[in-house]
Amino acid sequence: MEKFHFEKNKYERDLQLRERELTIRENELKTNRSKVTPTHVAIYVALVGVIGTCVVALLQGYTNIKLERQKFESEIILKVATSDSIERNKKNLEFMLKAGFITDEQGKINKLVKDANFDLKIQTEKRIDVHNELPPKSLSEVYVCHSATSLAYHNSMCRGLKRCADRIDVMTIEEAKKTGHRKPCSFCYK
Ligand SMILES: [Zn+2]
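Residues numbered from 1 in each chain as written. Predicted model: local features only at pLDDT ≥ 70, side-chain atom pairs only at ≥ 80, totals over all residues.

J.: Help me understand the environment of threonine 63 in this model?
T.: If you trace the backbone, threonine 63 turns up in helix α2 (residues 38–80). For threonine 63, a count of 10 C-beta atoms within 10 Å translates into the label exposed. C-alpha of threonine 63 to C-alpha of valine 48: the two residues are 15 residues apart in sequence and 22 Å apart in space. (Helix = DSSP H or I, 4+ residues; strand = E, 2+ residues; numbered from the N terminus. Buried ≥ 20, exposed ≤ 12 C-beta atoms within 10 Å, placed from the backbone.)

Right, here's the structure in full:
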């Protein structure tokens, strides 16, 4: 009988404890619900805004870096692939690829470099400083001064060409005539 009494007491206390627990939990839930105040909403909105701005800035930074990198890489390609030797151009570019100066994620550049039928030579405008030596020209080519007043073509650094303050190009006589340099220079062609 006493044992039963003890058990009953224990059961009742357990019940009381559980009820108290439930009440505490209910109260907790209620206070949690009321915790989201307008201030909190404002903070959340501001936070989302800040995160958004950060993401945009990061993306922009990433795009800028990527653009700079692409510019840098295309400059390298232009520099190493302009010699007259196709083999040398290919070797140079291959080195730049291997050294990691050029990214070639899809392997397209590497494929072109390895392709024996691909003649790697990037044509650049022949530009020279008039104070430097004249670029070599073949017998059929002439020098042309690019200033607006120049109307003749030359075959040497003559008195007339020395006065050229613009850039000097090498081209065939036909090309020179097309660009407005119709007559042979009177110093060069006597
Ligand atoms: Zn001349």
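J.: Got a minute to help me understand helix α3 (residues 86–98) in this structure?
T.: Since the α-helix turns once every 3.6 residues, residues separated by three or four places project in the same direction. If you check α3, its first and last C-alpha atoms are 18 Å apart, about what 13 residues at 1.5 Å a residue would give, namely 18 Å. For α3, the complete set of buried residues consists of Asn89, Lys90, Asn92, Leu93 and Met96. Along the axis of α3, the buried residues cluster in a sector spanning 160°; they form a single face. Exposed residues on α3 whose side chains face more than 90 degrees from its buried face are Glu87, Phe95 and Lys98. Elements in contact with the buried residues of α3: α2 and α4 (108–114). At the C-terminal side of α3, glycine 100 shows a positive phi close to 85°. (Expected span 1.5 Å × (residues − 1). Arc of directions from axis to C-beta. Contact = placed C-beta atoms within 7 Å.)

J.: Could you clarify how one ought to interpret the nonpolar core in this entry?
T.: A general trend in soluble globular proteins is that nonpolar side chains are found buried together. Counting ten residues, the largest nonpolar core is built from Val142, Tyr143, Val144, Cys145, Ala152, Tyr153, Leu161, Ile168, Ala176 and Cys185. Considering every element that reaches this core, the biggest residue donor is strand β1 (residues 141–145), with four residues. With five residues, the next largest nonpolar core counts Val80, Leu93, Met96 and Ile102 among its residues. (Core = buried A, V, L, I, M, F, W, Y, C linked by C-beta atoms within 7 Å.)

J.: Would you mind showing me how to read α2 here?
T.: When the terminal C-alpha atoms of α2 are compared, their 63 Å separation across 43 residues agrees well with the 63 Å that a helix rising 1.5 Å per residue should span. The element α2 is barely covered by neighbouring structure, given that only one of its 43 residues are classed as buried.

J.: Whenever I open this one, the sheet that holds strand β4 (residues 183–184) confuses me. Can you help?
T.: Backbone-to-backbone hydrogen bonds pair the strands of a sheet. The strands run either parallel or antiparallel. Here we have four strands laid out as an open sheet, ordered β3-β1-β2-β4, and mixed in their pairing. Across the chains shown, the open sheet's two edge strands, defined by having one partner strand only, are β3 (168–172) and β4. Sheet analysis places β1 next to β3, joined by five bridges and oriented antiparallel. For valine 142, the partnering residue across the bridge sits in β3 and is methionine 171. (Pairing = 2+ DSSP bridges.)

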